[in-house]
Amino acid sequence: MIGKCDNCGLENVELMSIRIGNSQDMQNLCNQCRPADGAYAY
């Protein structure tokens, strides 16, 4: 998905929807802002 990052405000970047904590709130974060996950967490 392409859009604006909710955290840093960059526009026209690829986003992932991340669930915040245990709540139902979803936040769209770019690659720089989202937390590292799985095998890609160097």
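Description of the structure in this document. (Residues numbered from 1 in each chain as written. Predicted model: local features only at pLDDT ≥ 70, side-chain atom pairs only at ≥ 80, totals over all residues. Heavy atoms only, no water.)

### Some words on the nonpolar core
Applicable threshold: By convention a nonpolar core is built from buried Ala, Val, Leu, Ile, Met, Phe, Trp, Tyr and Cys residues, the set being connected through side-chain atoms within 4.5 Å. Each residue gets one of three labels from its accessible area relative to the maximum for its type: buried under 20%, exposed over 50%, partly exposed in between, using a 1.4 Å probe on protein chains only. Numbering goes from the N terminus for both helices and strands, where a helix is a DSSP run of H or I of at least four residues and a strand is a run of E of at least two.
Residues C5, L15, I18, L29 and C30 constitute the largest nonpolar core, which totals five residues. Breaking this core down by element, the ones donating at least two residues are β2 (13–19) and β3 (26–30).

### Notes on the sheet that holds strand β1 (residues 2–3)
This is how the line gets drawn: In short, DSSP must find at least two bridges between two strands for them to pair.
Pairing in this open sheet of three strands is antiparallel, and the strands run β1-β2-β3 from one edge to the other. If you trace the sheet from one side to the other, it starts and ends with β1 and β3, each paired once. Strand direction decides the pairing type here: β2 and β3, joined by five bridges, are antiparallel. Residue pairing across strands places R19 opposite M26, the latter belonging to β3.

### Some remarks on the pairing of β2
Both β1 and β2 contribute to a ladder of two bridges, which runs antiparallel. What sits directly across from G3, in β2, is V13. Hairpin connection between β2 and β3: a loop of six residues separates the two successive antiparallel strands, and G21 in this loop has a positive phi of roughly 60°.

### Examining the environment of K4
Along the chain, K4 falls in the loop between β1 and β2. Assessed through its relative accessible area of 48%, K4 is described here as partly exposed. C-alpha separation for the pair K4 and L29, spaced 25 residues apart in sequence, amounts to 8.1 Å.

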